[in-house]
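Examining the three-dimensional arrangement
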Amino acid sequence: VAGVPAMSDFLLSPLTWLAIAALLLVLCGKRLQRHMQWLCKALVIVAVLACTPLCANALLWLAERHPGIPDCSAAQDDWPIVLLTAGYDRPPRSASDDAALGKENFERMDTARRLVAADVHSILYVSGGGEERIAESVVVSTLLVQRGIPRDRLRQETHSRTTWENAFALRGDVEQARLVTSPA
C-alpha cells in the first residue's frame, strides 16, 4: 500500500525500541529481574541517543566513508538525469511562478542544466508532485524550458511526494541515472 510504512520500518526505528522498553519498565518494572531492568533502562538510553541528530550524523559519516560504496562520479554519460524537486516555499500561482520555489530548487536546476548542456543526447526527468494544485515538477520544468532546456528532452513525474515515491514512479523508465538532489 502506497504511503504506508512497512513493518520492518517500525522494527528498525529507535522510537519503537524506546516505546517497548519504556512500556516494559512501566508495566512490569518491579516484577522484572534486576538484569532485565538494567537491560530495559540501557535500551531506553540507547534508543534516546539514536534519535538525536548527533547519532544520525555519525551514522551518515560512517556510511559515506564506507570503503564498499562505489564511486558515484563514474556515472555514465548516457544515463538519464533525474532532478528531484525540493518543495515549495509557498503555493505557486501558476506553472511559471518561480517565486514559489526555494533556493534548493534553483541550485538543483542549475546543476541539471549544466549536465544537460554537457550531454546533448541526455533526457532530464523532473520528479516531484507535492501537495499543491500545481505539481513541483511542472513549475521546475516550465522554468527549465524558459532557461533553454529543449522541451523534447524533458520528462515529468507529477505524483510523488517523497524520494521513495520518486524512485517508485520512475522505476519503469529509469534503471540507472545521474541524480540531482542536495547533499545530506
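The present account deals with the structure reproduced in this document.

So, how was this worked out
- Residues numbered from 1 in each chain as written.
- Predicted model: local features only at pLDDT ≥ 70, side-chain atom pairs only at ≥ 80, totals over all residues.
- Heavy atoms only, no water.
- Pairing = 2+ DSSP bridges.
- Helix = DSSP H or I, 4+ residues; strand = E, 2+ residues; numbered from the N terminus.
- Axes fitted to C-alpha atoms, helices over the stretch in contact; angles between N-to-C directions.
- Phe/Tyr/Trp six-rings, centres within 6.5 Å; stacked < 30°, edge-to-face > 60°.
- Lys NZ or Arg CZ within 6 Å of the ring centre and 35° of its normal.
- Patch = residues over 30% accessible without salt bridge, like charges linked within 9 Å, V, L, I, M, F, W, Y side chains within 5 Å.
- Areas by Shrake-Rupley, 256 points an atom, 1.4 Å probe, with all protein chains shown as cover.
- Salt bridge = Lys/Arg side-chain N within 4 Å of Asp/Glu carboxyl O.
- Buried < 20%, exposed > 50% of the residue type's maximum accessible area, 1.4 Å probe, protein only.
- Contact = heavy atoms within 4.5 Å.

1. A closer look at the sheet that holds strand E2 (residues 124–127)
Pairing is parallel in the open sheet, where 4 strands are placed in the order E3-E2-E1-E4. At either margin of the open sheet sits one strand with a lone partner, and together these are strand E3 (154–157) and strand E4 (178–180). Taking each pair of neighbouring strands and ignoring which way they run, the sheet shows an average axis angle of 20°. Note: E2 against E3, 4 bridges, orientation parallel. Paired with Leu124 across the bridge in E3 is Leu154.

2. What about the packing of aromatic side chains?
This structure, assessed with the given rule, holds 0 aromatic pairs. Geometry around Trp38 places Lys41 over its ring, the cationic atom sitting 5.2 Å from the centre. In this structure, Arg171 packs its charged tip against the face of Phe168, placed 3.8 Å from the ring centre.

3. Some remarks on a nonpolar patch on the surface
Together, Trp17, Ile20, Leu24 and Leu43 line one region of the surface with nonpolar side chains, adding up to about 310 Å² of accessible area. Within the element layout of this structure, Leu24 appears in helix H2 (residues 14–28). For Leu24, a relative accessible area of 34% puts it in the partly exposed group.

4. A few points about the environment of Leu124
Inspection of the secondary structure puts Leu124 in strand E2. The exposure class of Leu124 is buried, given its relative accessible area of 1%. If near-sequence neighbours (up to four positions away) are discounted, Leu124 is found in contact with Ile81, Leu83, Ala112, Val116, Leu144, Arg153, Leu154 and Arg155.

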